[in-house]
Structure formats: C-alpha cells, structure tokens
Amino acid sequence: MKLTRRDFIRITGVATASVALGNLGFSLKPAYAHAQVLKIRMAKETTTICPYCAVGCGIICHTDLVTGKVINTEGDPDHPINEGALCAKGASLYQMINNPKRMTKPLYRRPYSDKWEEVTWEWALEQIAKRVKETRDKYFIHKNSKGQIVNRVEAIAHIGSAAMDNEECWLIQAMMRALGLVYIEHQARI
Amino acid sequence: MTNHWIDIKNSDVILIMGSNAAENHPISFKWVTRAKEKGATLIHVDPRFTRTSAKADIYAPIRSGTDIAFLGGLINYILQNRLYFKEYVAEYTNASFIVNKKFGFKDGLFSGYDPETRSYDKSYWAFELDRHGVPKRDKSLKHPRCVFQLLKKHYSRYTLDKVSAVTGTPKDKLKEIYKIYASTGKKDHSGTIMYAMGWTQHTVGVQNIRAMCIIQLLLGNIGVSGGGVNALRGESNVQGSTDHCILFHIWPGYLKTPRASLKTLAEYNKKFTPKSPDPMSANWWQNYPKYSVSFLKAMFGDKATKENDFGYNWMPKLDDGKSYAWLVLFDEMYKGKFKGFFAWGQNPCCSGANANKNREALAKLDWLVNVNIFDNETGSFWKGPGMDPRRIKTEVFFLPCAVSAEKEGSITNSGRWMQWRYQAAKPPCGVKGDGEIMVELMNKIRELYRKEGGVFPEPILNLNWPREYDPHWVAKLINGYFTRDVTIKGKHFRKGEQVPSFAYLQDDGSTCSGNWLYCGSYTEQGNMAARRDKSQTEMQAKIGLFPNWAWCWPVNRRILYNRASVDKYGRPWAPQKPVIRWNGKKWVGDVPDGGWPPLSYGKKSRYPFIMRKWGAGQIFGPGRADGPFPEHYEPLECPVERNLFSSQRINPTVKLFHTDADKFRSCDPRYPFVCSTYRVTEHWQTGVLTRWLPWLLEAQPQLFVEMSEELARLKGIKNGERVVVESPRGKLIAVAIVTKRLKPFKILGKTVHEVGLPWCYGWRWPKDGGDSANVLTPSVGDPNTLIPETKAFMVNIRKL
C-alpha cells in the first residue's frame, strides 16, 4: 500500500478519533507509524536548507535507494534555527520535487509563432551561444562617447537569480561580466 | 541582518514594521515567541492588521509611505526626553562630529540642491576637519553645529500632532510605542527591528532604514545581542546573490564596478580605498586593493598578471554617473535598446513594478532565454493577456532547471549564515542544474570564439572557467587560495593552499579570492558551511550563539559591530547577554570586530565601527543621495495635496521615467485609494515555485483585494464579490475581502482609505487565479537604490 505522510496523518487522525469513540476496540496508530518508519528506514538521508524565504530552515530529505527518488521531506530537528519546524511552504518541498507540472525539456518559440516546440539541450545551448556571440560581436562597445575605454556590451541584459546557490551566483556574474554585460541585475533590486 | 534569527530571543522590545513576519517569515516567530516568553514586548506597526499584529502586545496602524514621519517622531521623543544612551552616542557614533558651516536645511531641502539635475552637491554636508584631517568632535554634544544638535533641531519638527496627522496613527498609540521602544536606551536593554520590503519599496526606502539606524544608534542597540538592524530577506539566497553581486554597480564582496574615467587598476583602487588619518580608526576598507586584485585573480587565474593590470581592462566599465539598475534596464528594453535578454530564475513579468511595461518590453527583443523550474509568465509572455503572438518577433528559449534538493551547494540566509545543501536526488531526465547550464553554455561560447575568433575575445578565453560544474571547485575559488609559495605575517603558505582568512589576502597577485567576504568559508580545515556542530561555550549559550554550526560572513562573526556591545574596558553593557568580553588578554564570546584590545588601551585600540572611515556609527549620513538626515516626503502617488512637513511633496531627488507606460497620478479623484502589495504564507514571491504545488494552491487559490467595511459600504461591495482594481497603469480582477483588518485613516482631517492585495499570482497558472499586483505598481524608485515604490500608490476599486 502506497502511503504518503499526509495520508498517514489523516488516517491516524481518524483512527485516534475512532479509538476515543470506542468503536474500533484497538488502535491502528502503531501499525501505520511502523509503516511510515519502514518507508524511510532504508532511505538515504541528506540535509538541505529550505529554498523559499531566507530564514534558512533545515530540512531532511529521504531518498529511496532503489528508485533514487525523494520519498519524504521534513523539518530537521537538529537545526538550531527551526528545530524541526517548517511553515506551509517549507513543508511542501516534497511536492516541488515530485511535481508532474515541472518542465522537463528545453523549449523553443520561433518568432511570430503561437506555440512551444520541444528541442534538445545540445541544439538549444548551441543556438543561444550563437545568438550571444552574434549580438556581442555586432554591438560591442570599446569606447564610450567620451573616448574612454569601456569594453562592454549594452545590447544584452541579464537578470537572476536569488534562488541559485552561492557557487552558481558567483559563476553567473563571472560569465556575464566576461561577456562584457553591464546590465546585470536580480531580485535584490526589487 | 546585523544579527541573526536566534538572537531575536534576546530582545527586550521587538518592533516589526514594514514586515509581516508571522506570515512571511513564519519560523522567525519561534524566536519572537521565545523573547515574549521571557517578557519582551512586541510592537507591530502596519497599514493592515495581520497575524503579526494578532501576536503583538501593541498594534498601531500607519498609512503606507509615512514611516519616516513615524520614526522621526520617535527620534524627537528620545531626544526631548533624554532617553538616549549618552556614553554610546558620544563615544561610538558621529553625534559629536562638527558639520561645516555650509550645511543647512530649509523647507524640505538640504543645502547643495540643484533643481535642474534634481540632485545634491554633497560637499555641503562635509565634516569640519582638524589640522590632521580628522573630523572635529565635541563629546559634550553641545556645539551648535555638532551632529547631535543638528539632529535635535531637524526632528523637533516631528511633533506628535504632525506625525499623527500625516501617518494616521492615533496619538495615544504613538506615545505608547515611543515610550516602550525608547526604554531600550537603558544600557543593559536592547530593542530590535524586523523589517522587510514594506520599508525598502518606497521612493524614500533607504531613508526609512536610515531613520531606524539613527534610533538604534541613539539607544545603543547596534552590536548588542537582541539588537541590530535586521532586514528579513525574502528569498533563500538573496543575501548570497547580493554578496556575490549579480548587480550592475558592485563586484563580489561589495567592491565597486569600475567607471569609464578610471583608466587603470591603480586609479580604480585609489578612488575606492578610503584613507583615514585617524590612527584609532580601523578603516577596514583600506584593504580594498587586496580584495580587488584577489577578485581579478579569481576571474582570470594565471592570465591575470601585474603587467596586464590583472585583467582590469577585460572587465566592462560603466559610464560615470549612469545607472544601469532594474528600472533603467526595463525602460531601455521598452524603448527597444536590447537585442538579447537572460531572465534566469526570475519572473520579471510578475515581480517587476509596472509589469505591463516589462511584458511589452520583452516583445521588443530579438531573443530571450528563460531558465526556470516551471513555466511562467516571463517565458510564455508572448501568449499572455493582450499579446498577439503573430506580432511578436522575440525568439524564446526555455531551459528547465533543477530544484534545490537536486544539486549541491551553499546558500546564505538573512543572518549571513552560509549553509551547505546536499544533492538528495538527481534531477528528472531532461533537467539540468543552473550551474551545469551556465558552465555548458559558456563553454559553447568559448568554443565559438576559439574556433571563429571574434570581437575582444580576451575576457572570454582568459576567464577562469571549469570544464564541468563542480560546486566545491567554485566554493574553493570563492574562498581563495595562494597562487604561489609565499610568506605572509611570518606564516608560510604553499601554492594551491586555501587562504585561511581575508587578513592574508594580498594585492600582488599571490592570492586569489572570488569574494573576500567569504574568505574563511572553505579552508584547509574543509568546507565550513557544511558544519553541524552545536557545541558552544557557556557564554555563547547565553545568547544562542552557535559558532560551529555552518559558517557566517565575515570571519564567522555572528553579530556585526560587536565592539559596540562593550564599554571602553571591554565589559559588556548587558552582562546577562554578553556578545564579547575582554578577559585581560583576549576577547571571548563571538568573533570580535578585530582583535585589538578595548578602547581603554588607547592607541592600540580601534573604534567599534570598523567598516566606516572614521570608525563611528553614522547618525549623520553624508553619503546618501537624498540627504544626511531622513526627511518625510510623500510617495510619488499620494492622497494628500501637500506634505505637512515642507513644500517638497515628493522626494526631491527622485528620477522619473517618461515613456507612455509611465503614468502617475496623485490626488486624482479617479484613483482615490491608497494601495499596498504583500505576500501570503502559502506563496513565495511571484508564486512561480508555489502556484504549481496543489497543497499550497488549495490553501490560497486566487487573487484577492482587502478593504475596510467602511470602504466596502461606500462602494456597495460585498465580501466575496469580484471587483476591478485599477491604477493608471493597469487593472486586475480580484475577489473582495471585506475585513476589519483595514480601517480608514484620518489624514490631515480627511478620511483616507487604503486597500491591499498580494502579488503572488499570474495569468499562466492557475486558470482564473488572477494576475500579478505589479500590473498596478509604478516604475519609480528610491534615488539611492532604484528599488521601486510598490508599497504605496493609488488605485480605484469598483464592482465588476
């Protein structure tokens, strides 16, 4: 039986209420609790930090060793800031990872087209690289109107992202600056 | 945050203003609650009664955009009643500094104003210097031109009557709050401020925060536990992304982006390296060249040499005096200036002010690259409301990226803690991590330049760039390592060894460091951000300091400016909650702001505010675009004909944009109601990472607009009805929530209604969920930061 943590809480809630009413005569709670433990007992445990606000709450992810899928996420009780607690968003991390609405293929929209087309990564990255080079080479500015050396590109802009890791943030600024961009901004400005 | 989340529990009085922490930073309330359990008072000041207000001991309403009036009244109260922390103010702040004779203030304008350029000549605000070039001081605070006296004069105008008339906050509430907050001026008491975008998103955003800084300095609340100035940041790594400077005006570690007039590295370094002739001032930025050269070495590796100025001219330069900020960027894009655009992990068609302008702007591009986990209003802008795809030429590339738990790396929270995350699972088939995407893309670009040549290929080909993405490789580079065998301060280091701390960075190319602030985060001892050790000394335990858990910039210092938490002998002002203490030989507790002994050691010591040129907390802030003291100005769009404090209705240094999409209306009967925007617990920012999650969407499914019962009666609107909300820039359809949480204000004797709505929705998903509140907001910004004024503008509401 596939049992999500939500189902577990719902069912055990009902079971507890039933016991209180004395209709069932025994509690299902230990059985379901055991089922839940079984589910994560053989799972790999990793720690992460919530991707939403900047309180920086600790979260534990459980990954199924066979399928490699995340099967559970929950507040990290050892984390000194959240001490295991999470808000509604943090508690939903599981559903961001396991979400059928996620995009899983690069898409391309041609000029004047009314639809997306699925493309390969290889094609998409090659095309973007070409656009960057063409635009940069055509519009590169060595000197400004005062004749001062500026070595920059004003025809391409970049924004984002505060949702990336530090290491990615550092790399993206390095990349964009090396390309000569000056219009480089992100969430911190808004 | 100068302090950190757990430290909130040490406060005696917590002021939450410009934030709804209980709903938007829910776990912060764990620590607010701990403080309350120990007897702290919680104050919430907000236009709307929220869950934060429900938990507060005192709630006071305020009209959006009038925070400086409110805080100016508090400054006045503290000064009139002599409730400031005298010793702290005289010794640790610039209150005693003498300002030159040219400084003045008249009818809303500081001296040095040029109406043509709408800007100030800041030389009018300079300090008077002695023969050594050090500001003259009068520690008795009596000199008529000392900062303290000027401050007193400036805020004497902020009387209870005037403040109440402008803010709409009842006088008795003002008095009650002022009295309780000012009680933290006692030397063993501390008060903290928790603020968020409710303070920054205004044409006076920086001065809102400056006003609070002045209050915190007057009360001796900076550097102490339970104190500080604490911005509650809204994105998991907006602290880190700012530290690494994905921003036009700064390089990683808050170094300045070079301007065109700075032709050489030497000129650049000279310009941004402050000199302080005061031997007691640490003037930390005197180390600037070590950080800038180490950054260039990280950028270009071995290719950066002394002979080529470490690649200084490979870096793009900005024109002097020109801004390239977000609002300017979208203004230029709207005018058709850009060909290509990367919207990477960001959704400007919902997050940016005047979102319709941004949406139109994207249609003027040749190509757009959008990287995101889910489809969104930016990548799919060409099929959005009012768009005709057949007329839009923009080519769009959408690249799907991984969720945080599918990659490894670090993020930095609001309290500056750099925390490591592990990969829990591989991304789904067809999805790549952001790091992987950028590394592969850049390698393709490099390949093209290598093969075909091209314009100015040096920075691209000489860039220190990995073949494959490895977060550890980058994290080590950000920390920095020695580029050759070298002996520094008597210690020998081998080539390739990680630099232990920024104190060892050099300006001769012998060290690299991608970001000096993060130097010490990944050393020979390992990845400090990954630490999970909760051990602490007894002293550290008293204030909830966990020095061995994760890592914190700078140098693992958990509370900034902590040298101000002790007296001149190094004894904590508040012995029951000490941050640092001098034990006669060294400092114990937190990592101090430099190891120098306390001030009683004379010349061997240093003033506490080590990042400031003169070592003092800045009550007088002569570096700001709009004045050295915060002054109340009305929002660009406001409900009042005149500003009660002066004849300058709006901030005199605000710059306006002039396209047909930039329409503004004040005191216009067509747009009679003040409006503000906010978030809900269940959604995050534009909702792009929450609207697609059924659990969260079920809880908050659609756009709503909140209004008072009085306004609803006036407009004949019933709770739950669909209504139109419109501003000069756009309109939305929303469900009306008629509530007691909002009440009409009495402003200058008139009734003013305020409404509010969240900005976490978008047309793309869910169907009929509504659109972004930023369709309504104005594209005008703070003169210092250009952060847009999305928290106070004017709208109309009518039944559908």
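The structure under discussion appears in the preceding block.
Residues numbered from 1 in each chain as written. Chains lettered and ligands numbered in written order. Predicted model: local features only at pLDDT ≥ 70, side-chain atom pairs only at ≥ 80, totals over all residues. Heavy atoms only, no water.

Caption draft 1: Structural detail: the sheet that holds strand β5 (residues 117–118) of chain A. Across the sheet, which stays open at both edges, the seven strands sit in the order β5(A)-β4(A)-β14(B)-β13(B)-β12(B)-β8(A)-β9(A) with mixed pairing between neighbours. One side of each edge strand has no neighbouring strand; the edge strands of this open sheet are β5 and β9 (184–185) of chain A. For strand β4 (residues 107–109) of chain A and β5 of chain A, the ladder comprises two bridges, and the chain directions are antiparallel. When the sheet's bridge partners are listed, Tyr 108 of chain A is paired in β5 of chain A with Glu 117 of chain A. Sheet strands touched by helix α14 (residues 326–334) of chain B: β8 (156–159) and β9 of chain A together with β12 (340–344) of chain B. Its angle to β8 of chain A, the strand with the most contacts, is close to 140°. (Pairing = 2+ DSSP bridges. Helix = DSSP H or I, 4+ residues; strand = E, 2+ residues; numbered from the N terminus. Contact = heavy atoms within 4.5 Å. Axes fitted to C-alpha atoms, helices over the stretch in contact; angles between N-to-C directions.)

Caption draft 2: Seen up close, the state of the cysteines. Under the counting rule described, the total for this entry stands at zero disulfides over all chains. The thiol sulfur of Cys 57 of chain A is not disulfide-bonded, and the nearest other cysteine sulfur, from Cys 50 of chain A, lies at 6.2 Å. Cysteine Cys 146 of chain B shares no disulfide, and the gap to the nearest cysteine sulfur, in Cys 213 of chain B, comes to 20 Å. On the accessibility criterion, Cys 146 of chain B (0% relative accessible area) is buried. (Disulfide = S-S within 2.5 Å. Buried < 20%, exposed > 50% of the residue type's maximum accessible area, 1.4 Å probe, protein only.)

Caption draft 3: Focus on the layout of surface pockets. Residues and elements named next belong to chain B. Estimates place the volume of the second largest pocket at around 630 Å³. For the lining of the second largest pocket, the secondary-structure elements that each account for two or more residues are α16 (355–362), β26 (722–727) and β27 (730–739). In terms of residue count, β27 provides more of the lining of the second largest pocket than any other element does, five residues in total. Split by residue class, the lining of the second largest pocket holds 13 nonpolar, seven polar and eleven charged. (1 Å grid on protein atoms, 1.4 Å probe; cavity = no way out; pocket = protein on both sides within 12 Å on 5 of 7 lines; lining within 4 Å. Points joined across faces, edges and corners; volume = space filled by probe spheres on them. Nonpolar A, V, L, I, M, F, W, Y, C, P; charged D, E, K, R; others polar.)

Caption draft 4: Main features of the nonpolar core. Residues Trp 170 and Met 175 of chain A together with Phe 342 and Ile 445 of chain B are the most contacted members of the largest nonpolar core, which totals 140 residues. At nine residues, the largest contribution of residues to this core is made by helix α5 (residues 166–179) of chain A. Non-local contacts of Phe 342 of chain B, meaning those with residues more than four positions away in its chain, are made with Ile 128, Val 132, Ile 156, Ala 157, His 158, Ile 159 and Met 176 of chain A together with Trp 367, Val 369 and Leu 441 of chain B. Of all hydrophobic cores here, the second largest spans 78 residues; its members include Leu 74, Phe 127, Tyr 195 and Ala 231 of chain B. (Core = buried A, V, L, I, M, F, W, Y, C linked by side-chain atoms within 4.5 Å.)

Caption draft 5: Examining helix α17 (residues 434–452) of chain B more closely. Taking 1.5 Å per residue, 19 residues should reach 27 Å; α17 of chain B reaches 27 Å between its end C-alpha atoms and fits that length. Just downstream of α17 of chain B lies Gly 453 of chain B, where phi reads positive at about 70°. (Expected span 1.5 Å × (residues − 1).)

Caption draft 6: Layout of the packing of helix α4 (residues 67–80) of chain B against helix α8 (residues 171–182) of chain B. Residue and element names in this part refer to chain B. Packing of α4 against α8 brings their axes to within 10 Å, and their N-to-C directions diverge by 60°. Here α8 runs oblique to α4, going by the angle between their axes. The element α4 and its partner α8 pack so that their crossing is right-handed. Taking contact as the criterion, the partners of Ala 69, Phe 70, Gly 73, Leu 74, Tyr 77 and Ile 78 in α4 are, on α8, Leu 174, Ile 177, Tyr 178, Lys 179, Tyr 181 and Ala 182. (Parallel < 35°, antiparallel > 145°, perpendicular 65-115°, else oblique. Left-handed = near helix turned anticlockwise from the far one by under 90°.)

Caption draft 7: Quick peek at the environment of Lys 162 of chain B. All names here are of chain B. Its place among the elements puts Lys 162 in helix α7 (residues 160–167). Expressed as a C-alpha distance, the spacing of Lys 162 and Ala 40, which sit 122 residues apart in the sequence, is 29 Å. The contacts of Lys 162, once residues within four sequence positions are left out, are Arg 157, Leu 644 and Phe 645.

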